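Chain by chain, the residues:
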Amino acid sequence: MSLPPRIDAKAVRERIGAYADRKATLDQRNEIYRELIGFVPPRIEARMAVTGALDPALLDMQEAMREHAMYPKCFDTKTAQLMLFGMLLMDMSDAAQLHAIAARRAGAGWEEMQAVISLCFLFRGLPAANRGAEILANLAKREAELDKGGD
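Below is a short write-up of the structure.

## A few points about the overall build of the protein
Of regular secondary structure, the protein possesses eight helices and zero strands. Tracing the protein from N to C terminus, the helices and strands come up as α-α-α-α-α-α-α-α. Across its three principal axes, the protein shows a C-alpha extent of roughly 45 × 35 × 25 Å. In the protein, which comprises 151 residues, the proportion classed as buried is 36%. Excluding contacts between residues fewer than 6 apart, the proportion of contacts in the protein whose partners are at least 24 apart in sequence is 67%.

If you want it as structure tokens, here you go:
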């Protein structure tokens, strides 16, 4: 599963500034992503570092909105993550793979994941079916590697 490269946090601190949010530490902000996905995705890591240094009030608003929208009381985490996986797959967004990971971590089975891909196929066509299958194949590889103790 190919993700963008990690940021150089030291370069961000030296050139842009240190994380300055007084409402939550960087570790506190990142914890929800570690719980949901198992790691902090590089683009989120960048937003936390850059916006957290330059506009911590906006970062707080972004995170409050994300939390409110991503965890509605009417859906469990698995359902919300399956829906997000499907929505992002419809757009062929590379972020679909992150929500596929989150859906699996929240208990989604392979059949449920394929059902989401199949729904996308109806409206997006073979590119979504191909991309969805690629995501699941790479996710299976990632899970197998993690089971063996890899990263």
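## Quick word on the side chain of Asp 21
Take Asp 21: it is sitting in the loop between α1 (9-15) and α2 (26-37). Looking at Asp 21, the relative accessible area reads 9%, which means it is buried. Side chain to side chain, Asp 21 and Tyr 19 meet in a polar contact 3.4 Å long. A polar contact is formed between the side chain of Asp 21 and the side chain of Arg 29, at a distance of 2.6 Å.

## What about the environment of Ala 100?
Within the secondary structure, Ala 100 is located in helix α6 (residues 96-105). With 19 residues separating them in the primary sequence, Ala 100 and Gln 81 have C-alpha atoms 7.2 Å apart.

## Overview of a nonpolar patch on the surface
Residues Leu 119, Phe 121, Leu 122, Phe 123 and Leu 126 make up a contiguous nonpolar surface patch of about 600 Å² in total accessible area. Among the elements that line the nonpolar patch, the one with the most residues is helix α7 (residues 110-124), at four residues. The exposed category is assigned to Leu 119, whose relative accessible area is 54%.

## Observations concerning the pattern of salt bridges
Tallying each qualifying case throughout the model produces 13 salt bridges. A salt bridge links Arg 29 to Asp 60; the nearest nitrogen and oxygen atoms lie 2.8 Å apart. Of this pair, Arg 29 sits in helix α2 while Asp 60 is found in helix α4 (residues 56-70), placing the two residues 31 residues apart along the sequence. The exposure classification of Arg 29 matches that of Asp 60, with both residues buried.

About the criteria used
Residues numbered from 1 in each chain as written. Predicted model: local features only at pLDDT ≥ 70, side-chain atom pairs only at ≥ 80, totals over all residues. Heavy atoms only, no water. Helix = DSSP H or I, 4+ residues; strand = E, 2+ residues; numbered from the N terminus. Buried < 20%, exposed > 50% of the residue type's maximum accessible area, 1.4 Å probe, protein only. Contact = heavy atoms within 4.5 Å. Polar contact = N/O pair within 3.5 Å; in protein donor to acceptor, adjacent residues only side chain to side chain. Patch = residues over 30% accessible without salt bridge, like charges linked within 9 Å, V, L, I, M, F, W, Y side chains within 5 Å. Areas by Shrake-Rupley, 256 points an atom, 1.4 Å probe, with all protein chains shown as cover. Salt bridge = Lys/Arg side-chain N within 4 Å of Asp/Glu carboxyl O.

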